[in-house]
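Single-letter residue listing:
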Amino acid sequence: MSEHTLDPAAAAPAAVPADASSVRSARDWTIAAVAAVIALLALWAVFFDNGQAIAATGDYLHEFSHDGRHLFGAPCH
Amino acid sequence: MTTSAPSPVLPLLARGLAAGGSAGLLSGLFALLVAGPLMDRAIALEEEREHTGQALALAASLAHGETEVFSRGTQHFGLVVTAVVTGLALGVFFGIAYALLHRRTALSGGDHWMRALTLAGAGFLALSLLPGLRYPASPPGVGDSGTVGDRQLLWLTAMFLGAAGTAAAWRLHRTLAAAGRPAPVRHSAVALVLLATLTVLFLLPPNPDPVRVPAELLWDFRLLSLAGHAVLWAALGAVFGWLGLRYDPAAGRGTFAAAARPAG
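Residues numbered from 1 in each chain as written. Chains lettered and ligands numbered in written order. Predicted model: local features only at pLDDT ≥ 70, side-chain atom pairs only at ≥ 80, totals over all residues. Heavy atoms only, no water.

- Chain A appears in an unreviewed UniProt entry as Probable cobalt transporter subunit (CbtB) from Streptomyces aidingensis.

Okay, structure coming up:
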């Protein structure tokens, strides 16, 4: 047994005030929102792009994900 | 309790990414092995159709520069990559939805296995089955590039309606359960909402493109497409639930508190 107290209330970071936790919570939800936007962009690139994303190089994204589009039921040419 | 539990969303986001990535890989390999040969056959038929057409059509396609951007091998690899990207993206939404649905008990104090499977089932219903019944997948060779914009809008609308209908059914079930209604009442209510959603979906205009592939190939392809969706959602729910069972909230909190605790 340790000589330190095992009382969780004493061991816990009591110095963290409530507003610090709400700041951390806001930060975490912001990260989640950014991740959701990136996920939407990725889905758009894979399933909805018809050559707009890399216009200079042609239909690369569309052709690369061609089989996946058909298989997941996305509209394709 | 003066201590603050860590916000549940980041661990759930990580769990969603892990579950989604592995589910995407699994469904991609499933699709490659099972549906890949079917797609190759559809493409061979399409080329055959083009080449046995009039010389005029052949000349037009040559003038049009119908050289393929990627080989079939690269497109096979692209299929797996597409599935993994899809899985990762759905995993992000899955983790966020899980955090929102089970705010206080998202990390501990719930049946994570059943919850994850239930949410995966709802996701399959909302984004795969309901839209897929209205606009079933079609193999390569079907699809007019002139109508692709319209079809994308219809597909997006169908997924939105599927998600809205499933969310409404979920909510209604929760409300009825809170009011103490018995299971047959709750389940009938859910069935009615889903039936109404399906009715609305069939009020949307039909897919305008003609289908010129053999019926047998079309049927097999559509069935395998739906199976690929099912594999993705089932694996996503199962891996997410399994990671939920393994997650130790004490250890999770411990890593957060370690910095504030004197090293001993």
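Digging into the overall build of chain A
Part 1: Tallying secondary structure elements over chain A gives 4 helices and 0 strands in all.
Part 2: The secondary structure elements of chain A, listed N-terminal to C-terminal, are α-α-α-α.
Part 3: Residues classed as buried in chain A amount to 36% of the 77 residues present.
Part 4: Taken as a whole, chain A presents about 4,200 Å² of accessible surface, with 71% of it coming from carbon and sulfur. (Helix = DSSP H or I, 4+ residues; strand = E, 2+ residues; numbered from the N terminus. Buried < 20%, exposed > 50% of the residue type's maximum accessible area, 1.4 Å probe, protein only. Areas by Shrake-Rupley, 256 points an atom, 1.4 Å probe, with all protein chains shown as cover.)

Concerning empty space enclosed by the protein
Part 1: Going through the model one piece at a time under the given rule, you end up with 1 cavity of 30 Å³ or more.
Part 2: Along the walls of the largest cavity sit 16 residues, with Gly73(A), Ala74(A), Pro75(A), Arg151(B) and Asn207(B) positioned nearest its centre.
Part 3: Considering every element that reaches the lining of the largest cavity, the biggest residue donor is helix H5 (residues 148-178) of chain B, with 3 residues.
Part 4: A per-class count over the lining of the largest cavity returns 9 nonpolar, 5 polar and 2 charged. (1 Å grid on protein atoms, 1.4 Å probe; cavity = no way out; pocket = protein on both sides within 12 Å on 5 of 7 lines; lining within 4 Å. Points joined across faces, edges and corners; volume = space filled by probe spheres on them. Nonpolar A, V, L, I, M, F, W, Y, C, P; charged D, E, K, R; others polar.)

Comments concerning the confidence of the model for chain A
When pLDDT is low, close inspection of the predicted coordinates is not appropriate.
Residue and element names in this part refer to chain A.
Part 1: Overall, the predicted model of chain A reaches an average pLDDT of 77, with 68% of residues at or above 70.
Part 2: The least confident element of chain A is helix H1 (residues 8-11), whose mean pLDDT is 46; the most confident is helix H4 (residues 66-71), at 92.
Part 3: The low-confidence segment residues 1-15, where pLDDT is below 50, has 6 contacts with residues more than four positions distant or belonging to other chains. (pLDDT = per-residue confidence, 0-100. Contact = heavy atoms within 4.5 Å.)

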